[in-house]
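Structural overview for review
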Amino acid sequence: VISHVSSEAIRNKLRMLISIWSVKSYWILAQSFQCGVTNDYSEPSQLGCDRWAALIAARQLQKDSCIVVNVGTAMTVDALSASGHFLGGIIIPGFYAMLNGLRAETQLTCSFPADYHSFPRNTNDAIHSGIIQGLLGAIERMHRLISQHNSSIGNCIISGGGAYQLISYLKIPFTHIENLVMDGLVIIAQDLARNEEH
């Protein structure tokens, strides 16, 4: 069971690599409904399959409404209702995408190490702290929006390689799951196996 959101060239390389095994591969696409999650996207299949797998895993972990955050090259913050409806979500550049954008479009440079401070007093720390603040602000704002939409709100569920840059600064209740997308793929695989048996 494969979640792929990169280029077609990488998809073709993956196809070639897995062709050495005599197994049936299943490339997931977001569905209108799967594994207890209803997809309210205007065109359900346009939702990234990584986001879909993460939402399915989050639904198994928590039955209250929540936000599901994946921090990588891009950061996604998705809203999931207590009834399992994916309400929608946002996509913003991740830490290094923001940093590279600043480097490409301005004269600012940032060297490491740089530290997070509430009130930075040098350019390196100002850039580092500004990016962290921007990412945290997006998460906390989406948390506030879903709190206004639902009376009961559970933890923010956060995952992805960039989550470690943020979790020590988050001011909302959260659960850190190391591999939320992978957990979702396992749930989807189990569901597919059950359906094939019937």
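Residues numbered from 1 in each chain as written. Predicted model: local features only at pLDDT ≥ 70, side-chain atom pairs only at ≥ 80, totals over all residues. Heavy atoms only, no water.

1. What to know about the pairing of strand β4 (residues 74-80)
In terms of residue burial, β4 counts as a mostly covered element, since six of its seven residues are buried. Relative to β4, strand β3 (residues 66-71) runs antiparallel, the two being bridged by six bridges. The residue of β4 that forms the bridge with I67 is A79. Counted between consecutive antiparallel strands, the loop separating β3 from β4 contains two residues. As defined by bridge partners, β4 adjoins strand β5 (residues 85-93) across seven bridges and the pair is classed as antiparallel. Across the sheet, residue L80 finds its bridge partner in β5, namely F86. The turn joining β4 and β5, which pair antiparallel and follow one another in sequence, is formed by four residues; a positive phi near 90° is taken by G84. (Buried < 20%, exposed > 50% of the residue type's maximum accessible area, 1.4 Å probe, protein only. Helix = DSSP H or I, 4+ residues; strand = E, 2+ residues; numbered from the N terminus. Pairing = 2+ DSSP bridges.)

2. Concerning the sheet that holds strand β7 (residues 174-176)
Spatial ordering of the open sheet is given by β1-β2-β5-β4-β3-β6-β7, a layout of seven strands whose pairing is mixed. Sheet topology places β1 (33-34) and β7 at the edges, where each strand pairs with a single neighbour. Bridge count between strand β2 (residues 37-39) and β5: two bridges; the pairing is parallel. Of the residues in β5, the one forming a bridge with N39 is F86.

3. Details of the packing of helix α2 (residues 49-61) against helix α5 (residues 180-197)
Viewed as axis vectors pointing N to C, α2 and α5 meet at an angle of 80°, and their least axial separation amounts to 7 Å. Comparing their axes, α5 and α2 come out roughly perpendicular. Contact with α2, carried on its side by D50, A53, A54, I56, A57, A58, Q60 and L61, involves L180, V181, D183, G184, L185, I187 and I188 of α5 and no other residues of that element. (Axes fitted to C-alpha atoms, helices over the stretch in contact; angles between N-to-C directions. Parallel < 35°, antiparallel > 145°, perpendicular 65-115°, else oblique. Contact = heavy atoms within 4.5 Å.)

4. A word on the environment of K13
Along the polypeptide, K13 turns up in helix α1 (residues 8-18). Take K13: its relative accessible area is 55%, and that puts it in the exposed class. On a C-alpha basis, the gap between K13 and L102 in space is 32 Å, while along the polypeptide they are 89 residues apart.

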